[in-house]
Amino acid sequence: MEGFRVKQVIDWTSTQMRIIHAVARKDFRVFFRYPADAIMRVVEPVMWLTPVYFMGQGFSEGGRAVGFAGFTGTSDYFLYVVVGAFMASYISAVFWGMGFSLKEDMTLGVLEPNWVSPAPRMTLMAGKSSMMFIITTLNSIGILIALGVLFGVRIPFGSMILPAFIVLVPMLIGLAGFGFALSGLVLLMKDANTLVDVSNYVVGQLSGREFPVTVLPRPLLAAALALPTTYAFDAVRGLLLGTTTLMPMRAELSILVAFMAVATAGGYVAFKTLEQHCRKLGLLGTH
C-alpha cells in the first residue's frame, strides 16, 4: 500500500511537471516569434541606464561617489543602480508576466478554453511563472553584457554569486505566490493596466531600486521596510557590492524565507477564492 501511494505521488508530480514544461515551452516559442520585441527587452533598459551612468560620473570624484558611499557603503552609484534594476526586473516580470498575461488571454478569448482542460489552473500559472523567470534572467544577462561592452561595467560576482543566488530564490518563490494573488485580482477587475502599472512602480521604488531606502521620509520608509523585497535588494547588494545592510544577513534571509512561505500559501488561497468567485459570476469568459 505504501509503495502504491509513493507511485501515485511520483506519477502526479511527473504529470504536473509535464504540464509546466508544455506551458513554458509554448510561452518560450511565442516570445521568440517576435525577435524585435526580444531585442528591445535588452535595448530599452540599456537606454534607461545610460543617463544614470553619465549622471553618476558627473557626481563622482575620480570615479568614486564619496557622498553616496556615506549612505550605502559603496562609492559606485551605477553598479548600485544596475543591481537594483536586475532585482526589480523580477518584480516587473511578476506584475506584467503573470498578472497581465491573464488579461491578454481574456482579450484573445483563450482563457476559458484553456481552463476547461483537466490541467489544474495553479499548474498552468506555475508554467507561466517559470518561463517568465527564465526569460527575465536571460534578459538581465544580455543587459549586463551590453553594459560591459559599452561602459566596461563588471559586477564583482566572485565567490558571492552562490550566496546571492540563495537570497534570490526565496524572493522569486514569494513573488510567484504574490503573482497568483495578483492574477486573481485581474480576473475580478478585468482592466489590469492601471493596477499592474501602478503596483509595479510603487513596489519597485519602495524596495530601493535606484536609491537606499534610508533616505526616504519616515512614512515612506515604514512602507519600504514592510516590503520583503526591500531586504532582498539590500542583501544581494550587500553580498555583491559590500554595501552596509539594513539588518544582519541572517535576519534578512529569515524575513525572505518567511515571505516565501506566507506569500505562497496566501497567494494560492487568494487565487482559488477569487477564481471561484469569478466562475460563479460567469466572468471568466468576459473581458
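Remember, it's a predicted structure, so these values are computed and weren't measured experimentally. Within any chain, residue numbers begin from 1 and follow the written order of that chain's sequence. Only residues with pLDDT of at least 70 are given local features in this predicted model, and only at 80 or more are side-chain atom pairs given and counted; all residues enter the totals for whole chains, interfaces and linings. Side-chain numbers come from the whole structure's heavy atoms, not from hydrogens or water.

**Overview of the nonpolar core**
For this analysis, a nonpolar core means a set of buried residues of the types Ala, Val, Leu, Ile, Met, Phe, Trp, Tyr and Cys, connected via side-chain atoms within 4.5 Å. Only protein chains enter the accessibility calculation, which uses a 1.4 Å probe; a residue is then buried when its area is under 20% of its type maximum, exposed when over 50%, and partly exposed in between. Counting 62 residues, the largest nonpolar core has Phe78, Met87, Leu102, Leu147, Met171, Leu187 and Phe271 as its most contacted members. Where helices and strands are cited, they refer to DSSP runs of H or I of at least four residues and of E of at least two residues respectively, numbered from the N terminus. Broken down by element, this core gets its largest block of residues, 17 residues, from helix H4 (residues 77-108). Ignoring sequence-local partners within four residues, the contact set of Phe271 consists of Leu102, Trp115, Arg121, Met122, Met125, Phe180, Ser183, Gly184 and Leu187. In this structure, Ala24, Phe31, Ala38 and Ile135 belong to the second largest nonpolar core, which totals five residues. Note on contacts: a residue pair qualifies if any of its non-hydrogen atoms lie within 4.5 Å across the two residues.

**With respect to a nonpolar patch on the surface**
On the surface, Phe28, Phe32, Ile134, Leu138, Ile141, Ile145 and Val149 cluster together into a nonpolar patch covering about 670 Å² of accessible area. Those elements that place two or more of their residues in the nonpolar patch are helix H1 (2-32) and helix H6 (121-151). For the nonpolar patch, the element with the most residues is H6, which contributes five residues. As for its position among the elements, Phe28 is in helix H1. With relative accessibility at 33%, the residue Phe28 sits in the partly exposed group. Residues enter a patch when their relative accessible area is above 30% and they make no salt bridge; the linking distance is 9 Å between like charges and 5 Å between nonpolar side chains (Val, Leu, Ile, Met, Phe, Trp, Tyr). A 1.4 Å probe and the Shrake-Rupley method give the accessible areas. Residues count as covered only by the protein chains that appear here. Salt bridges are defined by distance alone: a side-chain nitrogen of Lys or Arg within 4 Å of a carboxyl oxygen of Asp or Glu.

**Describing helix H11 (residues 249-281)**
Helix span, as expected, comes to 1.5 Å for every residue beyond the first. The terminal C-alpha atoms of H11 lie 47 Å apart, and with 33 residues this matches the ideal 48 Å at 1.5 Å per residue to within 8%. Those residues of H11 lying buried are Glu252, Leu256, Phe259, Ala263, Gly267, Phe271, Leu274, Glu275 and Cys278. Following H11 by one or two positions, Gly282 adopts a phi angle in the positive range, close to 70 degrees.

Spatial relationships are all this shows, so hold off on functional conclusions.
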